[in-house]
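# Residue-level structural notes
The primary structure of each chain is shown beneath.
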Amino acid sequence: MATVVAFHAHPDDEAILTGGTLARAADDGHRVVLVVATDGRVSNDDVERLGELRSSAQILGVHRVECLGYADSGFGPEFYPDPRGRVRFGRADTERAAEQLAAILRGEGADLLLSYQPNGGYGHRDHVQVHHVGKRAAELAATPRVLEATMPRESLLWVARAARLLRLPAPYPLDVARTAYAPQAAITHRINVFRFARQKRDAFAAHRSQISGNAAAARLFAVLLRLPPQVAGLMFGREWFIDPTLPPGRVYRDIFE
């Protein structure tokens, strides 16, 4: 059996990008470790979201959860100053943060690190920093393999256009979706997580503070929670990764291939 460490920027990213993959790996008997860079707080007055993260991790079958302790950098044109006593992850010293993650990779004897693409998926400062820190940590710990979580850009564009026509909320606005994540042809791993779609959905639902804070998202997710398992499986039944060491073309069906 192998040990996989998933490195994410914020609580809830683990469910959105890799929830089914982590549940599948745990169900197959592998050790699954979840590390988040931030506790999800933009300011010191925000509610800490680590309790929700632990609930999500339990649903997915994760064996260990760690937080590196940085502050959320926020998304948008303005990069706010660091909150008192904490550093925003977007400003973190890459080498220091990489050493923190590398210590976990070494201690766990990690066989595989799940991280992010150079563009952070959709350009969020913390997601871009996850790429840099994850890449360096894997070098420091001599972790054998790194996979970068992604989504097919073509699908995101289709959803964004359909949402605009139907006047529904979309995961990413059309202008963001045009350059988000990766084109289908660049993806090296497409993972079937149909059997774990309900766990993925329920893990995201554990992050109640993120859902309740957005009225449109709350209405949309209420509909998703009522979907039959088969329909949920069709919607959440695939997750995607890129192995930056492999040429595009062949698509693998297991993260350990």
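As a starting point, this report considers the structure included with it. (Residues numbered from 1 in each chain as written. Predicted model: local features only at pLDDT ≥ 70, side-chain atom pairs only at ≥ 80, totals over all residues. Heavy atoms only, no water.)

### Quick look at the side chain of His 207
This is how it is decided: Only DSSP runs of H or I with at least four residues qualify as helices, and only runs of E with at least two residues qualify as strands; both kinds are numbered from the N terminus onward. Think of it in three bands: with a 1.4 Å probe and only protein chains considered, a residue is buried below 20% of the maximum accessible area for its type, exposed above 50%, and partly exposed in between. Any N or O atom pair separated by 3.5 Å or less is treated as a polar contact, with the protein-specific requirement of one donor-capable and one acceptor-capable atom, and with residues adjacent in sequence counted only for side-chain atom pairs. We call two residues contacting when some pair of their heavy atoms lies within 4.5 Å.
Structurally, the position occupied by His 207 is in the loop between helix H7 (197-205) and helix H8 (208-212). A residue is classified by how much of its surface remains accessible, and His 207, at 0% relative accessible area, is buried. There is a polar contact of 3.4 Å between the side chain of His 207 and the backbone nitrogen of Asp 12. Beyond its immediate chain neighbours, meaning those up to four positions away, His 207 contacts Pro 11, Asp 12, Glu 14, Glu 52, Leu 53 and Ser 56.

### Focus on the side chain of Gln 117
In this fold, Gln 117 is placed in the loop between strand E4 (112-116) and helix H4 (125-141). Within the structure, the side chain of Gln 117 is placed 2.5 Å from the side chain of Thr 150, a separation counted as a polar contact. Setting aside anything within four residues of it in sequence, one finds Gln 117 in contact with His 131, Glu 148, Ala 149, Thr 150, Tyr 181, Ala 182 and Ile 242.

### Some details on the packing of helix H1 (residues 13-27) against helix H2 (residues 50-60)
Short version of the rule: Angles here are taken between N-to-C directions and fall from 0 to 180 degrees, while the axes themselves are lines fitted to C-alpha atoms, restricted in helices to the stretch in contact. Think of it as three bins: nonpolar holds Ala, Val, Leu, Ile, Met, Phe, Trp, Tyr, Cys and Pro, charged holds Asp, Glu, Lys and Arg, and polar takes everything else, Gly as well.
The geometry of H1 relative to H2 is characterised by a closest axis approach of 8 Å and an angle of 35° between their N-to-C directions. Residues Glu 14, Ala 15, Gly 19, Leu 22, Ala 23 and Ala 26 of H1 pack against Leu 53, Ser 56 and Leu 60 of H2. Per-class residue counts for the contact of H1 with H2 are six nonpolar, two polar and one charged.

### Things to note about the sheet that holds strand E2 (residues 31-38)
What counts, and what does not: When DSSP locates at least two bridges between a pair of strands, those strands are taken to pair.
One open sheet accounts for seven strands, arranged E3-E2-E1-E4-E5-E7-E6; its pairing is mixed. If you trace the sheet from one side to the other, it starts and ends with strand E3 (64-70) and strand E6 (189-192), each paired once. Between one strand and the next, the sheet's axes are offset by a mean angle of 25°, whatever the strand orientation. Inspection of the sheet shows E4 paired to strand E5 (residues 145-150) by five bridges, in the parallel sense. Bridge pairing links Ser 115 to Glu 148 in E5. Those strands touched by H2 are E2 and E3, and its axis lies near 160° from that of E2.

### A word on unusual backbone geometry
Although it is not a glycine, Asp 12 sits at a positive phi angle of roughly 105°. Topologically, Asp 12 is positioned in the loop between strand E1 (3-8) and H1. Taking the relative accessible area as the measure of exposure, Asp 12 reaches 10% and is therefore buried. Even without being a glycine, Tyr 181 presents a positive backbone phi close to 50°.

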